[in-house]
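Letter by letter, the chains look like this.
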Amino acid sequence: MVHVLGSRILLRPTDPERSRVFYGEQLGLAVYREFATGPERGTVYFLGGGFLELSGRSDTPADTADPATRLWLQVADVTAAHEELKDKGVEIVRPPVKEPWGLIEMWIADPDGTPIVLVEIPADHPLRYRPGI
């Protein structure tokens, strides 16, 4: 068995500065660390129990027709997140909707088209049930 000590999602944006504005200012993710300097510097953001790293540069944006990567971000109140992101000029791909499986989901995308799902888990949802806790 592999003993994983840490993990992160790694994105290579087409425009690193535009992506830093999106993730840091519009989405409001806190910076864990930065490395190197200048416009090509790497930035690592906190993602709840994980990290998101923007580093390097890609010549092409994410394939939005069949994306291989999606970010799933759990938030306490997706309706409040919807209003906050809308006020910050973030394009809302789909407003909050209660899904048949009981989660409330809202969809946005980063500047390169990487799909991001913001999810609220209602208090009565089975994901909130943790036996013995």
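Throughout this description, residue numbers start from 1 for each chain and increase along the sequence as written. Whole-chain, interface and lining totals are the exception, using all residues; otherwise, since this is a predicted model, local features are given only for residues with pLDDT of at least 70 and side-chain atom pairs are given and counted only at 80 or more. Note: side-chain values were computed over all heavy atoms of the structure, leaving out hydrogens and water.

- If you check an unreviewed UniProt entry, the protein chain appears there as VOC family protein from Streptomyces pratens.

### Looking at the pattern of salt bridges
Argument step 1. Whenever a carboxyl oxygen of Asp or Glu lies within 4 Å of a side-chain nitrogen of Lys or Arg, that contact is scored as a salt bridge. Enumeration according to the criterion identifies nine salt bridges in this entry.
Argument step 2. The closest approach of N and O atoms between Arg57 and Glu40, which form a salt bridge, is 2.6 Å. Of this pair, Arg57 sits in the loop between strand S4 (50-54) and strand S5 (71-74) while Glu40 sits in the loop between strand S2 (31-35) and strand S3 (42-47); the two residues are 17 residues apart in sequence, bridging distant segments of the chain.
Argument step 3. The class for Glu40 is partly exposed, based on a relative accessible area of 41%.
Argument step 4. For Glu84, the salt bridge is made with Lys88, and the minimal N-O distance between the two is 3.2 Å.
Argument step 5. The partly exposed category is assigned to Glu84, whose relative accessible area is 41%. Each helix is a run of H or I in the DSSP string that is no shorter than four residues. Each strand is a run of E no shorter than two, and both are numbered from the N terminus. Think of it in three bands: with a 1.4 Å probe and only protein chains considered, a residue is buried below 20% of the maximum accessible area for its type, exposed above 50%, and partly exposed in between.

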